Amino acid sequence: MPEDNSICQDTNYQKVFESQATPLRNFLYYKCGDLEKAEDLMQDAFIKLWENCKKVLLEKARSFLFTAAKRMFLNTIEHEKVVLSFAKENNSSKLSEDPQFIMEEQEFKSKLEISISNLPASQREVFLLNRIDKLSFQEIADLQDVSLSAVHKKMYKAMDKLRTDLDILNYRKI
Amino acid sequence: MEDINNDNELLIRWINGELSEEELAAFQKTEDYKIYNTIINEVDQWQVRPLNLENSFDELNAKKNKKEESKAISWYNQPMVRWAAVFAFIATAIVYFVAKSQETTVYKTTIGESKEVILPDNSKVFLRPESSIAFKRNNWGKQKRELLQTGTVYYDVKKGLPFEVNFGENKVDVLGTTFEITNNQDYTSVICYSGRVRVTTNNSAFELKEKEALQITPELYEYTVANDWSLNLIRFEKAPLKSVFDSIEKTFNVKISANSTILERKFTGAYSDTSLDQALKMICVPMNITFKVDGRNVTLK
């Protein structure tokens with residue numbers, strides 16, 4: 001029965017939320033650097049999905065959501081600077097308990113976060129979607145609506161910039 | 001030119017895990033490999049602050065229902081009802097606007113909670129645990145941007161009208177900078193991370209430039225910092241251990257007991273808010289103090 005797969009059905013809508021809410025929120029977070037704003041926009045995209053639930057097929061829900069979110073994001077005020085920060089899974093297997101080492105690790109993380117935040121928006125997106133959300137480059141190409149080679153280019157440009165940034169910092173220390 | 005293209009292609013293939021054993025071995029010998037590997041290893045451990053799906057879904061439903069309700073009031077469009085509504089509206093509006101002009105907006109965090117807030121002018125503030133900011137929404141941005149704070153708050157202020165923060169009997173004036181103010185019972189300080197900040201205390205005024213800082217309590221003196229602001233590191237400069245441990249209590253929701261000789265000692269350094277154990281080590285090891293954690297209680301010697 002075609003009705004079983006309708007997004008207008010509460011259980012289906014909820015299932016879509018459970019699988020897409022976090023990836024969508026992360027995607028928006030990389031764009032704006034604001035967790036609350038990202039969650040807000042994510043929820044608005046889901047409302048749009050609900051309003052159009054009769055017209056959108058279950059399999060197309062994800063691309064509908066991301067497209068709607070992108071459009072809504074373009075309509076918001078952007079801050080000059082995006083500042084991203086991330087949580088780190090705690091390594092209980094850490095052998096070194098030296099406070100100096102812990103501090104250096106923390107400093108490195110902060111510097112890397114800043115470098116990543118300073119990347120041009122679409123390079124930053126590619127890098128984070130690949131490393132943190134584990135998307136393949138092809139999936140990212142579909143999401144950004146560009147070619148696979150364009151995505152590759154953004155990735156190595158991003159990696160190159162990060163390497164250069166951290167390289168400079170290392171020499172400065174000496 | 002061709003070399004660069006090959007290098008770039010190699011990098012992508014390495015990331016995808018597509019290199020042959022020989023290619024990998026050759027790559028690992030290069031200078032750049034070390035840095036690329038360090039970056040990837042680090043970032044692969046990161047995640048964005050987890051989303052609480054249940055709460056978010058509940059919020060989503062609330063928003064959805066609100067939207068659906070506002071569409072259903074078509075019967076208000078009847079002419080008679082409309083006029084009655086208009087008069088009622090004007091009356092309440094007057095009361096509402098009078099009340100609203102006194103309205104104070106408050107943001108605060110509890111023990112163990114941190115929060116990032118965007119102000120009406122798009123400046124950003126980050127509240128550490130047990131901190132708060134308050135401002136009059138109606139006055140904001142008329143001639144200046146003014147607010148009050150307690151606890152420890154980091155500011156990223158957009159250039160614009162004069163921006164003033166009041167804390168205790170002190171205040172800070174800025175124009176487009178980043179800085180952090182700590183205002184607790186026994187430890188008050190201002191650290192300027194970029195731009196310029198003007199601090200006014202009881203008797204004197206100081207102008208801080210990038211990486212300059214001022215401690216106000218317990219002792220008034222200026223110093224400099226070497227590092228950028230960090231989300232996860234809470235720093236102190238010659239702070240009484242009592243305030244350092246107060247801060248740890250607020251961050252992790254624990255109770256710390258120690259004798260007064262320990263509490264009076266001064267500490268310069270930082271602790272990480274990622275785990276209680278790490279935090280205690282970072283403070284106690286350099287100070288030669290031993291600690292014991294028992295559930296929510298910590299004892300120091």
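Before reading on, note that the structure itself is shown above.
What you see is a predicted model, and the numbers here were worked out from it, not measured in a lab. (Residues numbered from 1 in each chain as written. Chains lettered and ligands numbered in written order. Predicted model: local features only at pLDDT ≥ 70, side-chain atom pairs only at ≥ 80, totals over all residues. Heavy atoms only, no water.)

## A few points about the overall build of chain A
Assigned secondary structure in chain A consists of 7 helices and 1 strand. Expressed as a percentage of the 174 residues in chain A, the buried residues total 49%. Long-range contacts, defined here as pairs at least 24 residues apart, represent 67% of the contacts in chain A between residues at least 6 apart. Approximately 9,200 Å² of chain A is accessible, and the part contributed by carbon and sulfur atoms is 52%. (Helix = DSSP H or I, 4+ residues; strand = E, 2+ residues; numbered from the N terminus. Buried < 20%, exposed > 50% of the residue type's maximum accessible area, 1.4 Å probe, protein only. Contact = heavy atoms within 4.5 Å. Areas by Shrake-Rupley, 256 points an atom, 1.4 Å probe, with all protein chains shown as cover.)

## Some points on the overall build of chain B
Secondary structure summary: chain B contains 8 helices and 19 strands in total. For chain B, the proportion of its 301 residues judged to be buried stands at 42%. Intrachain contacts of chain B at a sequence separation of at least 6 include 41% that bridge at least 24 residues. Surface exposure of chain B reaches about 16,900 Å², of which carbon and sulfur atoms provide 52%.

## Observations regarding unusual backbone geometry
The linkage connecting T217 of chain B with the following residue, P218 of chain B, adopts the cis geometry, with an omega of 0 degrees. Of note, P218 of chain B is situated in the loop between β13 (212-217) and β14 (221-224). The backbone phi angle of K134 of chain A is positive, close to 60 degrees, even though this residue is not glycine. Along the chain, K134 of chain A turns up in the loop between α5 (121-131) and α6 (137-144). Non-glycine residue K211 of chain B carries a positive phi angle of around 70 degrees. With respect to the helices, strands and loops of the structure, K211 of chain B is situated in the loop between β12 (205-208) and β13.

## Examining the packing of helix α1 (residues 10-32) of chain A against helix α3 (residues 61-74) of chain A
Residue and element names in this part refer to chain A. Packing of α1 against α3 brings their axes to within 11 Å, and their N-to-C directions diverge by 30 degrees. Taken together, the axes of α1 and α3 lie roughly parallel to each other. For α1 against α3, the interelement crossing comes out right-handed. Contact with α1, carried on its side by V16, Q20, P23, L24, F27, L28, K31 and C32, involves A61, R62, L65, F66, A69, K70 and F73 of α3 and no other residues of that element. Grouping the constituent residues of the contact of α1 with α3 by class yields 11 nonpolar, 1 polar and 3 charged. (Axes fitted to C-alpha atoms, helices over the stretch in contact; angles between N-to-C directions. Parallel < 35°, antiparallel > 145°, perpendicular 65-115°, else oblique. Left-handed = near helix turned anticlockwise from the far one by under 90°. Nonpolar A, V, L, I, M, F, W, Y, C, P; charged D, E, K, R; others polar.)

## As for the state of the cysteines
Residue and element names in this part refer to chain A. For the structure on display, the rule yields 1 disulfide over all chains. There is a disulfide in this structure between C8 and C53, and the S-S distance comes to 1.9 Å. Disulfide C8-C53: the torsion about the S-S bond is 100 degrees, which places it as right-handed. Pair noted here: C8 is in the segment before α1 and C53 is in the loop between α2 (35-51) and α3, with a separation of 45 residues, a long-range link. (Disulfide = S-S within 2.5 Å.)

## Remarks on the packing of aromatic side chains
Inspection of every chain in the model, using the stated rule, returns 23 aromatic pairs over all chains. On the numbers, 5.4 Å between centres and 65 degrees between planes, the contact of W14 of chain B with F27 of chain B is edge-to-face. Here the residue W14 of chain B occupies a position in helix α1 (residues 2-15), and F27 of chain B occupies one in helix α2 (residues 21-28), the gap between them amounting to 13 residues. Residues W14 of chain B and F27 of chain B agree in their burial class; the two are buried. A centroid spacing of 5.6 Å and a plane angle of 40 degrees characterise the contact between Y221 of chain B and Y223 of chain B, whose relative ring orientation is tilted. There is no split in this pair, since Y221 of chain B and Y223 of chain B are both buried. Counting every residue linked through ring pairs, the aromatic cluster contains Y13, F17, F46 and W50 of chain A together with F57 of chain B. The ring of W50 of chain A is capped by K64 of chain B, whose NZ or CZ atom sits 3.9 Å from the centre of that ring. (Phe/Tyr/Trp six-rings, centres within 6.5 Å; stacked < 30°, edge-to-face > 60°. Lys NZ or Arg CZ within 6 Å of the ring centre and 35° of its normal.)

## Topic: a negative patch on the surface
A cluster of like negative charges, contributed by E36 of chain A together with E54, D58 and E59 of chain B, occupies part of the molecular surface. Element by element, the count of residues in the negative patch is highest for helix α4 (residues 53-71) of chain B, at 3 residues. (Patch = residues over 30% accessible without salt bridge, like charges linked within 9 Å, V, L, I, M, F, W, Y side chains within 5 Å. Salt bridge = Lys/Arg side-chain N within 4 Å of Asp/Glu carboxyl O. Lys, Arg positive; Asp, Glu negative; His and termini not counted. Charge placed at Lys NZ, Arg CZ, Asp CG, Glu CD.)

## Side note on the interface of chain B and chain A
Each side of the interface is counted separately: chain B has 53 residues, and chain A has 64 residues. Summed over both sides, the interface of chain B with chain A buries roughly 5,600 Å², with 61% coming from carbon and sulfur. Seen at the junction of chain B and chain A, the total is 7 salt bridges. Residue D32 of chain B is joined to R163 of chain A by a salt bridge in which the shortest nitrogen-to-oxygen separation is 3.4 Å. Our count for the contact surface shared by chain B and chain A stands at 18 residue pairs in polar contact (both at pLDDT 80 or more). Broken down by element, the residue count for the side of chain B that touches chain A peaks at 10 residues, all from α4 of chain B. (Buried area = accessible area lost by both parts, 1.4 Å probe. Polar contact = N/O pair within 3.5 Å; in protein donor to acceptor, adjacent residues only side chain to side chain.)

## With respect to the sheet that holds strand β18 (residues 291-294) of chain B
Residue and element names in this part refer to chain B. In space, the 3 strands of this open sheet follow the order β16-β19-β18, with mixed pairing throughout. Edge positions in the open sheet fall to β16 (255-257) and β18, since each of these has one partner strand only. For this sheet, the mean angle separating the axes of adjacent strands, direction not counted, is 20 degrees. In this structure, β18 lies alongside strand β19 (residues 297-300), joined through 4 bridges in antiparallel fashion. Counted as the bridge partner of V293 is V298 from β19. (Pairing = 2+ DSSP bridges.)

## Let's talk about a nonpolar patch on the surface
A grouping of W83, V86 and I90 of chain B is seen on the molecular surface, where their side chains present a nonpolar patch of about 310 Å² in accessible area. With respect to the helices and strands, the residue V86 of chain B is situated in helix α5 (residues 79-101).

## Section: the nonpolar core
Grouped together as the largest cluster of nonpolar side chains are 67 residues, with contacts concentrated most on L24, F46 and F127 of chain A together with W14 of chain B. Setting aside residues no more than four positions away along its own chain, L24 of chain A makes contact with M42, A45, F46, L65, F66 and A69 of chain A. Core analysis: the next-biggest nonpolar cluster, separate from the first, contains 37 residues, F126, A270, I283 and V298 of chain B among them. (Core = buried A, V, L, I, M, F, W, Y, C linked by side-chain atoms within 4.5 Å.)

## Brief notes about the pattern of salt bridges
All names here are of chain B. For the structure on display, the rule yields 24 salt bridges over all chains. For K281, the salt bridge goes to D277, with nearest N and O atoms at 2.6 Å. Taken together, the residues K281 and D277, both in helix α8 (residues 276-287) and 4 residues apart, mark about one turn of the helix. Of the residues examined, K281 reaches a relative accessible area of 15% and is grouped as buried. One salt-bridge network, in which partners are shared between bridges, spans K144, E146, E164, K171 and D173.

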